[in-house]
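A structural walkthrough
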Amino acid sequence: MIDIIDLKKSFGKNEVLRGINLTVNKGDIVAVIGPSGSGKSTFLRCINCMEDPTGGKIIFNGVDIADPKVNINIHRRKICMVFQHFNLFNNKTVIQNIMLSPVICAKQDRRKALRHNLFHKDKIAVRSVADIKKEARANAERLLARIGLSDKANVYPSTLSGGQKQRVAIVRSLAMNPQVMLFDEPTSALDPEMVGEVLDLMKELAAEGMTMVVVTHEMGFAREVANRVLFIDEGVIMEQGEPAEFFGNPQCDRLKDFLAKVL
Amino acid sequence: MNFDRKIENFIAFFIHHDGYKEVLLGLSNTVKIAVIGLLIGIVIGTVIATVRVIPKYKLLPRILNGFCSLYVGLFRGTPMVVQLLVFYYVALPLMHLKLDSVTVSIIVFGLNSGAYISEIMRGGIQSVDYGQMEGGRSVGLSFSTTMMKIVIPQAVKNILPTMGNEFIALIKETSVVSFVGAADLYKAFNYIGTNSYEFMVPYLVMALIYIVMVCLISLLIKIMERSLNKSDRHH
Ligand SMILES: Nc1ncnc2c1ncn2[C@@H]1O[C@H](COP(=O)(O)OP(=O)(O)OP(=O)(O)O)[C@@H](O)[C@H]1O
Ligand SMILES: [Mg+2]
């Protein structure tokens, strides 16, 4: 689904990623671990071009989205990202947070369809704006019910706990029906008692077959849920493998050191 | 002449010699120039502020940014009176245009406040956590959509008090538009003073009107702030 070919990223003279190759297939759960400052976040943020790669290709559904000529916004609808600090929209209520992008994107598609119909014989079906909104609201309500926060629909994010914020952020992404979800240390900013609720939701998604790339310090999650674990250090993938083999029988010394420290 | 006589004199002139008409005209022009000027300024300021926070890897944003810097520098670097005079007596004749002095004042006030508001707005945009932009971009919204729907509304909330001050400054600065012949409050009370041979009361009343306007605006801003603070945590 995603082919990452020789991905490179520098900030000025600082060469953070030095050629990363990775193929993510549908349904994969890839856990990314590594020491602080090794470029895990940068790698993840390059996958949806939140950071523009300075070299290499990111082939998503056959298109190289690292190419600056590609309209990245269209592709980001299908590669959503969940952040350490949630990044919920502070000026929108919980349900508006979830509905905002689906409604805007559907309206954009609607305008595109209308333009198309103006000039072509083959007509595309056009939904009314009211229908778009109704559908987005119903979907958002369903997602909120799923995470047990229906009663929070009309409050602002500032009134939620960290765990609630992160679960809302996850369903905000889910509302886009993404093909891939990227997680950057989704539980690192949470109080310990809230880590479980977020990891449980992520496990549910994994069980439903969502394709995920997860940067995490939760070795338990990586071992239990991931089907592949990557160890990134010095801007390259030093080692990768299935969790049992990866944790049970690490090959390179850097990984052995790292695991000794965190486990 | 004692003070009571002066007040009587003023009231007589105000009512019977069409003084009130001049004052109403002046008041409406003052408000018109400040309000429309502010609205134009908000539009210009928002556009410039947005241009100035666009990432500048590409050539076009750089050129636009340079142009905006020049614009802001010019309008912040010269007094409003000078801008009015130059626009009215230099720019318009050069363009072979004829506009009435109120319209010219509105345009110049809009251009001028656009420069100031762009700086206020830029500070406001930069005060919004960058995570808000990333949150929007991460679910497929474009830079400009995220700016309009997420970042700018929060920026506006942060800068509302400063914007109020800008509006108050505009209201007060309208007192220079008589330099190009626009009939504002100053011109109205000056007219009353000249014709009644008595300036003390007219100018006092003029000062009062300005103070009342400024107080009203301050009140309005307080109300707006309160209604915008809904999204903050309720303790
Ligand atoms: N926007 C940026 N501008 C300049 N340098 C950056 C930027 N973002 C990251 N870096 C640099 O890139 C390197 C890798 O950072 P990155 O955030 O990817 O590490 P990380 O593995 O995610 O670390 P952590 O575990 O602490 O989150 C660091 O040296 C950092 O200073
Ligand atoms: Mg990181």
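Residues numbered from 1 in each chain as written. Chains lettered and ligands numbered in written order. Predicted model: local features only at pLDDT ≥ 70, side-chain atom pairs only at ≥ 80, totals over all residues. Heavy atoms only, no water.

**As for the confidence of the model for chain B**
Quick note on the threshold: Per residue, pLDDT measures the predictor's confidence, with a range of 0 to 100. Helix numbers and strand numbers start at the N terminus; a helix is a DSSP run of H or I with at least 4 residues, a strand a run of E with at least 2.
On average, chain B scores 88 in pLDDT, and the residues at 70 or more come to 97%. Per-element confidence in chain B is highest for helix α6 (residues 130-138) of chain B, whose mean pLDDT is 95, and lowest for helix α1 (residues 3-16) of chain B, whose mean pLDDT is 76.

**What about helix α4 (residues 80-94) of chain B?**
Residue and element names in this part refer to chain B. Here is the rule: Every helix has an expected span of 1.5 Å times one less than the residues it contains. Burial classes: relative accessible area under 20% of the type maximum marks a residue as buried, over 50% as exposed, and values in between as partly exposed (1.4 Å probe, protein chains only). We call two residues in contact whenever any of their non-hydrogen atoms come within 4.5 Å of each other.
With 15 residues, α4 ought to run about 21 Å at 1.5 Å a step, and its terminal C-alpha atoms sit 20 Å apart, in line with that. If you check which residues of α4 are buried, you get Met-80, Gln-83, Leu-84, Phe-87 and Leu-92. Residues of α4 that are buried make contact with α3 (59-77), α5 (101-127) and α7 (143-173). Directly beyond the C-terminal end of α4, a positive phi value near 55 degrees is found at His-96.

**Regarding the packing of α3(B) against α5(B)**
All names here are of chain B. Selection criterion: Fitting a line to C-alpha atoms yields each axis, with helices limited to the stretch in contact; the angle taken between N-to-C directions then spans 0 to 180 degrees. Roughly parallel covers angles under 35 degrees, roughly antiparallel covers those over 145, roughly perpendicular covers 65 to 115, and oblique covers all other angles. Two helices crossing with the near one rotated counterclockwise from the far one by less than a right angle form a left-handed crossing, whereas a clockwise rotation gives a right-handed crossing.
Contact pair α3 / α5: the axes reach a minimum separation of 9 Å and the direction vectors enclose 115 degrees. With respect to α5, the axis of α3 lies roughly perpendicular. The chirality of how α3 crosses α5 is left-handed. On α5, the residues that touch Tyr-71, Val-72, Phe-75 and Arg-76 of α3 are Leu-111, Asn-112, Gly-114, Ala-115, Tyr-116, Ser-118 and Glu-119.

**Quick word on the site of ligand 1**
Residues and elements named next belong to chain A. Note the cut-off: Throughout, near means a residue has at least one heavy atom within 4 Å of the molecule or strand. Distance and chemistry together define a polar contact, namely a pair of N or O atoms within 3.5 Å, with one atom able to donate a hydrogen and the other to accept it when in protein, and with adjacent residues in sequence counting only for side-chain atoms on both sides. Only the protein chains shown count as covering a residue, and every accessible area follows the Shrake-Rupley method with a 1.4 Å probe.
Residues in contact with ligand 1, as listed here, are Phe-11, Asn-14, Val-16, Pro-35, Ser-36, Gly-37, Ser-38, Gly-39, Lys-40, Ser-41, Thr-42 and Glu-185. Interatomic distance of 2.8 Å between a backbone N/O atom of Gly-37 and an oxygen atom of ligand 1. Note that an oxygen atom of ligand 1 is positioned 3.0 Å from one of the backbone N or O atoms of Gly-39. For ligand 1, whose unbound accessible area comes to 640 Å², protein coverage reaches 59%. For the shell around ligand 1, the elements supplying multiple residues, two or more each, are β2 (14-24) and α1 (40-47). When residues of the shell around ligand 1 are assigned to their parent elements, the largest contribution, three residues, is made by α1.

**Describing the sheet that holds strand β7 (residues 180-184) of chain A**
Residue and element names in this part refer to chain A. As a reminder of what qualifies: At least two bridges found by DSSP between two strands is the condition for calling them paired.
With mixed pairing, the six strands of this open sheet are ordered in space as β6-β7-β8-β3-β9-β10. Here the strands that pair on one side only, and so sit at the sheet edges, are β6 (79-82) and β10 (236-241). When the angles between neighbouring strand axes are averaged without regard to direction, this sheet yields 20 degrees. The pairing of β6 with β7 spans four bridges and is classified as parallel. Bridge pairing in β7 links Ile-79 to Val-180. Helix α5 (residues 162-174) rests against β6 and β7 of the sheet, and its axis sits at about 175 degrees to β6.

**Some details on unusual backbone geometry**
Positive phi is not limited to glycine here, since A:Asn87 has a value of about 55 degrees. Within the secondary structure layout, A:Asn87 lies in the loop between β6 and α3 (94-119). The backbone phi angle of B:His96 is positive, close to 55 degrees, even though this residue is not glycine.

**Describing the interface of chain A and chain B**
Here is the rule: Buried area is understood as the total, over both parts, of accessible area removed when two parts are fitted together, assessed with a 1.4 Å probe. For this analysis, a salt bridge means a side-chain nitrogen from Lys or Arg found within 4 Å of a carboxyl oxygen belonging to Asp or Glu. Residue type decides the class: Asp, Glu, Lys and Arg count as charged, Ala, Val, Leu, Ile, Met, Phe, Trp, Tyr, Cys and Pro as nonpolar, and the leftover types, Gly among them, as polar.
Between chain A and chain B, the residue contacts involve 29 residues of the former and 21 residues of the latter. Around 2000 Å² of area is buried between chain A and chain B when both sides are counted, 54% of it from carbon and sulfur atoms. Contact with chain B buries area across many residues of chain A, yet A:Asn73, A:Phe89 and A:Asn91 alone supply 23% of it, more than any other trio. Taken together, the links from chain A to chain B amount to one salt bridge. Between A:Arg45 and B:Glu134 there is a salt bridge, with the nearest N and O atoms lying 2.6 Å from each other. Run the count over chain A and chain B and you get eight residue pairs in polar contact (both at pLDDT 80 or more). Looking at the side of chain A that touches chain B, the elements with two or more residues in it are α2 (72-76), β6, α3 and α5 of chain A. With five residues, the single largest contributor to the side of chain A that touches chain B is α3(A). In the side of chain A that touches chain B, the residues fall into 14 nonpolar, nine polar and six charged.

**Remarks on α5(A)**
Look at α5(A): 18 Å from first C-alpha to last across 13 residues, which is about the 18 Å you get at 1.5 Å a residue. By the burial criterion, the buried members of α5(A) are A:Gly162, A:Gly163, A:Gln164, A:Gln166, A:Arg167, A:Val168, A:Ala169, A:Ile170, A:Val171, A:Arg172, A:Ser173 and A:Leu174. Looking at the packing, one finds that the buried side of α5(A) touches β6, α3, α4 (129-146), β7 and α6 (192-207) of chain A together with α6 of chain B.

**Quick look at the nonpolar core**
Note the following rule: Residues belong to a common nonpolar core when they are buried Ala, Val, Leu, Ile, Met, Phe, Trp, Tyr or Cys residues joined through side-chain atoms within 4.5 Å.
Counting 54 residues, the largest nonpolar core has A:Ile33, A:Ile98, A:Ile170, A:Phe183, A:Met202 and A:Met212 as the members making the most contacts within it. It is α6(A) that provides the largest number of residues to this core, a total of eight residues. A:Ile98 has contacts with A:Ala140, A:Leu143, A:Leu144, A:Val168, A:Val171, A:Arg172 and A:Ala175, leaving out every residue within four places of it along the chain. By size, the runner-up hydrophobic cluster in this structure holds 49 residues, among which are B:Phe13, B:Met80, B:Val151 and B:Tyr210.

**Things to note about the state of the cysteines**
The line we're drawing: When two cysteine sulfur atoms lie within 2.5 Å, the pair is treated as a disulfide.
Enumeration over the complete set of coordinates arrives at zero disulfides over all chains. The thiol of A:Cys80 is unpaired, and the distance to the nearest cysteine sulfur, on A:Cys105, comes to 8.9 Å.

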